[in-house]
Amino acid sequence: MANGEVGGPVVGPDGDSDGEGELDIPPAPLWAMRVRMHSHRHPDPGEEGRIRRRLGAGDDTLYVIDDGLDHCMVGRRVGRASDGCTYCLVARISLDRYTDLEAGDVAPADAFAESRDISLCGVFEEEQAANVVLVQHYTRPRDVPTDYLPPSPFLEFSDDPDDPDDPDDPDDPDDPDDPDDPDDAGGPDVAGGQV
């Protein structure tokens, strides 16, 4: 179900879906990254090229898995709603970017700055499975709300329709895909505005 809007891998009762490293990654970001990844190649535990890492601590914590030979998926937990849905920000980065993150040459706060296919996913976890829903896709890294990026704290979303932190709010003035926003007319950005 790569690139699907709904789905998720089934995991065993211990939370480990296929071996080493994934126990360091909570189920919600792991499922969101696996659903949004591009590659259908899944290296076995111990195989060269397999990446399952937790980087940083606290609000800077990032999770990384391999996505083909030259890319990785990076993710972080953004918040939780009262219905049990965990929101995760996930994106595709180059293997070089991952190497720089791991070495400490790129700060966790800048992990998404050069990313592609950036998505806010909602993950509904159950005992042995999860449903993953694409909540919002961001065209450019600068479109991602800063509250969703490290080192922002874990958010508690409410069911209040007037809550400005609700990621499903259709009246959000900061929505990067708002067709009524003249600054987001859909074209590529150039110096001085849109083309």
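Notes on the structure follow. (Residues numbered from 1 in each chain as written. Predicted model: local features only at pLDDT ≥ 70, side-chain atom pairs only at ≥ 80, totals over all residues. Heavy atoms only, no water.)

### A few points about the overall build of the protein
Looking only at helices and strands, one finds two helices and ten strands in the protein. Reading the protein from its N end, one meets helices and strands in the order β-α-β-β-β-β-α-β-β-β-β-β. For the protein, restricting intrachain contacts to residue pairs at least 6 apart in sequence, the fraction spanning at least 24 positions comes to 57%. (Helix = DSSP H or I, 4+ residues; strand = E, 2+ residues; numbered from the N terminus. Contact = heavy atoms within 4.5 Å.)

### As for the packing of aromatic side chains
What the rule picks out here adds up to two aromatic pairs. The interplanar angle of 80° and the centroid separation of 5.0 Å between the aromatic rings of Y87 and F157 together place this pair among those described as edge-to-face. On the criterion of sequence distance, the pair formed by Y87 in strand 5 (residues 86-94) and F157 in strand 8 (residues 155-157) is long-range, its members being 70 residues apart. With respect to class, Y87 is no different from F157; both count as buried. What links up through ring pairs into an aromatic cluster is the set Y87, Y148 and F157. (Phe/Tyr/Trp six-rings, centres within 6.5 Å; stacked < 30°, edge-to-face > 60°. Buried < 20%, exposed > 50% of the residue type's maximum accessible area, 1.4 Å probe, protein only.)

### Observations concerning unusual backbone geometry
Here P150 and P151 are connected by a cis peptide whose omega angle stands at 5°. Looking at where P151 falls in the secondary structure, it is placed in the loop between strand 7 (130-138) and strand 8. In this structure, D117 is a non-glycine residue whose phi angle is positive, near 50°. For D117, the position within the fold is in strand 6 (residues 116-125).

### Quick notes on the side chain of S119
Along the polypeptide, S119 turns up in strand 6. The class of S119 is buried, set by a relative accessible area of 0%. A distance of 3.2 Å separates a polar atom in the side chain of S119 from a polar atom in the side chain of R36. The contact partners of S119, leaving out residues within four places of it in the chain, are R36, C88, L89, V90, L134, Q136 and H137. (Polar contact = N/O pair within 3.5 Å; in protein donor to acceptor, adjacent residues only side chain to side chain.)

### Here we look at the nonpolar core
Among the nonpolar cores identified, the biggest contains 26 residues, and V78, L89, F112 and Y148 are the most heavily contacted of them. When residues of this core are traced back to their parent elements, those giving at least two are strand 3 (62-66), strand 4 (71-81), strand 5, helix 2 (95-103), strand 6 and strand 8. For V78, the contacting residues outside a window of four places in its chain are Y87, C88, L89, L120, Y148, P153, F154, L155 and F157. Within the second largest apolar cluster, 17 residues are counted, among which are A32, M33, V90 and V132. (Core = buried A, V, L, I, M, F, W, Y, C linked by side-chain atoms within 4.5 Å.)

### Things to note about the side chain of D67
You can see D67 is positioned in the loop between strand 3 and strand 4. Here H38 takes part through its backbone nitrogen, which lies 3.0 Å from a polar atom of the side chain of D67. What D67 contacts, discounting residues up to four positions off in sequence, is M37, H38, S39, C72, M73 and R92.

### A word on the pattern of salt bridges
Close approach of charged atoms lets side chains of opposite charge pair. A complete count under the given rule lists six salt bridges for this structure. Ionic pairing is found between R92 and D67, a salt bridge with its closest N-O pair at 2.7 Å. Linking R92 in strand 5 with D67 in the loop between strand 3 and strand 4, this pair joins segments that are 25 residues apart in sequence. Taken as a pair, R92 and D67 share a single burial class, namely buried. A salt bridge links R140 to D143; the nearest nitrogen and oxygen atoms lie 3.4 Å apart. The burial state of R140 is the same as that of D143; both residues are buried. (Salt bridge = Lys/Arg side-chain N within 4 Å of Asp/Glu carboxyl O.)

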